[in-house]
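# Observations on chain architecture
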Amino acid sequence: MAFDTDDRVASATMQIIENVIDAHSTTKMYAHTQTAQLISLDSIDTQPLPRILSGISEWDRVVGGGLVPGSLIVITGDPGIGKSTLLLQVAHEIAKTKRVFYFSTEESLQQLKGRAIRLSTLKNAPSDNLLFSDSAELTSIITTAKNEKPDLLVIDSIQNCYINNANTLPGSVGQLREAAFQLMRLSKEYNITIIITGHITKEGIIAGPKTLEHMVDAVFYLQGEDRWQTRMLRAVKNRFGAINELGFFCMEQNGLQEVPNINAHLISEISHAPGSAIVSIMEGSRPILLELQALTNASKLTMPQRVVSGLDHKQVVLIAAILEKYVKIKLSMQDIFFKVSGGFKIKGSESDLGTAFALLSSYFQEPLPEKSIALGEISLTGQIKPINNIGHLIKEAEKFGITTLLVAKNQTIEKTSCTIKRFHNVYELLSLFGQ
Ligand code: TYD
Ligand code: MG
């Protein structure tokens, strides 16, 4: 007990000493600090620096109309998704007009050269403007950049960098934070655009608990479905552009090729079969045409299965319950398998009507009218509700040969060459199935 008390006294004494030292050093610190320069709004230069364009339009659009000089951005995604490939292509294009340094901290220069040889766009690319290094020591990278002042600095990847003589462990969250902080200062003070890559964990966050996301100007995810070879570049944070903007690429033998016309690609895969319904959703500034696929089958289980991907599981269960209640079909006795084509994920409820149609079409084993698209929400009372901003969706759908619109009774449609079929409630949906 006495020992405890002694300990407490000792620690309290230490605390007081620390406080005295703290107060002392704080006073000294203030004494030696220069005052900050303050200026009025009028004197702030608002001339935006021209953006750095790569000419790869899917990239340039997603980053907000080209890279902003002096910004720090992160590209993240699963291993093997194509981050290094994309950055090598972007670096090469930008190097046609700007100076670019590429630090490959994960792969050797030989591996990097091997990749470059595969990339068709990099043929005839002996550019003195694009230089490589496999140094992974951050202080050395930063010193090189300060001395040479490139326009763009790529570090692939940040998790493989280490800082000599740092108080933090290599690969630790502390070191990652320190690295990001130092790079942020470098980008701002020297007006160097910096792109770093970061791994993603299984939970889908950048390794190092979102540390990087908070500290940088922009974060882009490269995602894709392997079977399909399509890669989506998605802005999830962008201080200089719209978020949720999407860029599309296709991974081919000779690198990532742009897919400017993603809807042509998507629609070519759509089958006119029972269980399939086409919907359209806005992804950033773009309407995307997607196929919903449903399969309903009489269940042999006491608890029928519901296997859903690409859409909130509860949303499909809800629509099935609404159909059961108002259309009187026994979906609760059926196994339901449901997916969205192309590995896309739908968030809102604009695809409710499409979901209902896909379920009914599979249940009755009758396809929907050919080249039709369903655009509407469904309320709990079984009413079909109009959706906002339908104009963009219709215009894009028409471009790809859609000829029939399936919409809510009171949906306003300004202009269309399509046949319009209107539905007041879910019961009326049966009229498409010879019921
Ligand atoms: P990579 O860019 O190394 O991915 P990340 O940096 O995100 O880990 O991409 C590796 C994959 O891409 C690998 O599976 C091989 C494939 N690939 C192609 O299909 N075509 C190509 O031209 C290149 C360079 C890679
Ligand atoms: Mg890589």
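Residues numbered from 1 in each chain as written. Chains lettered and ligands numbered in written order. Predicted model: local features only at pLDDT ≥ 70, side-chain atom pairs only at ≥ 80, totals over all residues. Heavy atoms only, no water.

Looking at ligand 1, there are 16 residues lining it, with Gly80, Thr85, Arg115, Glu252 and Gly255 nearest. Here Gly80 contributes a backbone N or O atom positioned 2.6 Å from an oxygen atom of ligand 1. Protein contact buries 76% of the 560 Å² of open area that ligand 1 shows by itself. Contributions of two or more residues to the shell around ligand 1 are made by α3 (83-94), α4 (109-118) and β8 (246-252). Examining the composition of the shell around ligand 1, we find that 3 residues originate from one element, α3, more than from any other. Classifying every residue of the shell around ligand 1 by side-chain character gives 4 nonpolar, 7 polar and 5 charged. (Near = heavy atom within 4 Å. Polar contact = N/O pair within 3.5 Å; in protein donor to acceptor, adjacent residues only side chain to side chain. Areas by Shrake-Rupley, 256 points an atom, 1.4 Å probe, with all protein chains shown as cover. Helix = DSSP H or I, 4+ residues; strand = E, 2+ residues; numbered from the N terminus. Nonpolar A, V, L, I, M, F, W, Y, C, P; charged D, E, K, R; others polar.)

This part takes up the pattern of salt bridges. Within the structure shown, the criterion is met by 9 salt bridges. The partner of Arg115 in a salt bridge is Glu107, and the shortest N-O contact between them spans 2.7 Å. For Lys188, the salt bridge identified is with Asp217, shortest N-O distance 2.7 Å. Residue Lys188 is located in helix α6 (residues 173-190), and its partner Asp217 is located in the loop between α7 (211-215) and β6 (218-225); the two are separated by 29 residues in the primary sequence. (Salt bridge = Lys/Arg side-chain N within 4 Å of Asp/Glu carboxyl O.)

What follows deals with the environment of Leu266. Among the structural elements, Leu266 can be located in helix α8 (residues 262-268). Owing to a relative accessible area of 4%, Leu266 belongs among the buried residues under this scheme. Sequence separation between Leu266 and Leu290 is 24 residues; the distance between their C-alpha atoms is 6.9 Å. (Buried < 20%, exposed > 50% of the residue type's maximum accessible area, 1.4 Å probe, protein only.)

Right, let's talk about unusual backbone geometry for a bit. In this structure, the amide linkage connecting Asp156 to the following residue, Ser157, adopts the cis form with an omega of 10 degrees. Mapped onto the secondary structure, Ser157 falls in the loop between β4 (152-156) and α6. Despite not being glycine, Asn389 has its phi angle at roughly 50 degrees, a positive value. Relative to the assigned elements, Asn389 resides in the loop between β16 (384-385) and α11 (390-399). Residue classification places Asn389 among the exposed positions, given a relative accessible area of 60%.

The strand order across the open sheet formed by 3 strands is β14-β17-β18, and the pairing between neighbours is parallel. On the outer flanks of this sheet lie β14 (372-375) and β18 (419-423), each paired with one strand and no other. Averaged over all neighbouring strand pairs, the angle between strand axes comes to 20 degrees, with direction disregarded. In this sheet, strand β17 (residues 404-408) lies alongside β14 in parallel orientation, the contact comprising 4 bridges. When the sheet's bridge partners are listed, Ala374 is paired in β17 with Leu406. Along the sheet, helix α10 (residues 352-364) makes contact with β14, β17 and β18, crossing β14 at roughly 125 degrees. Against the sheet, α11 engages β14 and β17, with an angle of about 165 degrees to β14. (Pairing = 2+ DSSP bridges. Axes fitted to C-alpha atoms, helices over the stretch in contact; angles between N-to-C directions. Contact = heavy atoms within 4.5 Å.)

A few words now on the packing of aromatic side chains. Counting across every chain of the model gives 5 aromatic pairs. With centroids separated by 5.4 Å and ring planes inclined at 50 degrees, the aromatic side chains of Tyr102 and Phe132 adopt a geometry described as tilted. Of this pair, Tyr102 sits in strand β2 (residues 100-104) while Phe132 is found in strand β3 (residues 130-133), placing the two residues 30 residues apart along the sequence. Under the relative-accessibility criterion, Phe132 is labelled partly exposed at 34%. (Phe/Tyr/Trp six-rings, centres within 6.5 Å; stacked < 30°, edge-to-face > 60°.)

The next subject is the packing of helix α9 (residues 313-327) against α10. Between α9 and α10, the shortest axis-to-axis distance is 10 Å and the interhelical angle comes to 65 degrees. In the crossing of α9 with α10, the sense of the turn from one axis to the other is right-handed. Contacts from Gln315, Val316, Ile319, Ala320 and Leu323 of α9 reach α10 at Asp352, Thr355, Ala356, Leu359 and Leu360. When its residues are assigned to classes, the contact of α9 with α10 shows 7 nonpolar, 2 polar and 1 charged. (Left-handed = near helix turned anticlockwise from the far one by under 90°.)

Structurally, Thr193 can be placed in strand β5 (residues 193-199). A polar contact of 3.2 Å, which involves the side chain of Thr193, links it to the backbone oxygen of Val68. Look past the residues within four positions of Thr193 in its chain and what remains in contact with it is Ile52, Leu67, Val68, Pro69, Gly70, Ser71, Asp151, Leu152 and Leu153.

As a further point, take the side chain of Ser280. Secondary-structure assignment places Ser280 in strand β10 (residues 276-283). The exposure class assigned to Ser280 is buried, which follows from its relative accessible area of 1%. Polar contacts involving the side chain of Ser280 include one to the main-chain carbonyl oxygen of Ile288, which spans 3.3 Å. Once residues within four sequence positions are removed from consideration, Ser280 is found in contact with Pro287, Ile288, Leu289, Ile373, Leu375 and Leu393.

Attention now moves to the packing of helix α5 (residues 138-148) against α6. For the pair α5 and α6, the least separation of the axes is 11 Å and the interaxial angle reads 0 degrees. In terms of their interaxial angle, α5 and α6 are classed as roughly parallel. Listed contacts from α6 to Leu138, Ile142, Ala145 and Lys146 of α5 are Ala179, Gln182, Leu183, Leu186 and Tyr190. Here the contact of α5 with α6 is composed, by residue class, of 7 nonpolar, 1 polar and 1 charged. (Parallel < 35°, antiparallel > 145°, perpendicular 65-115°, else oblique.)

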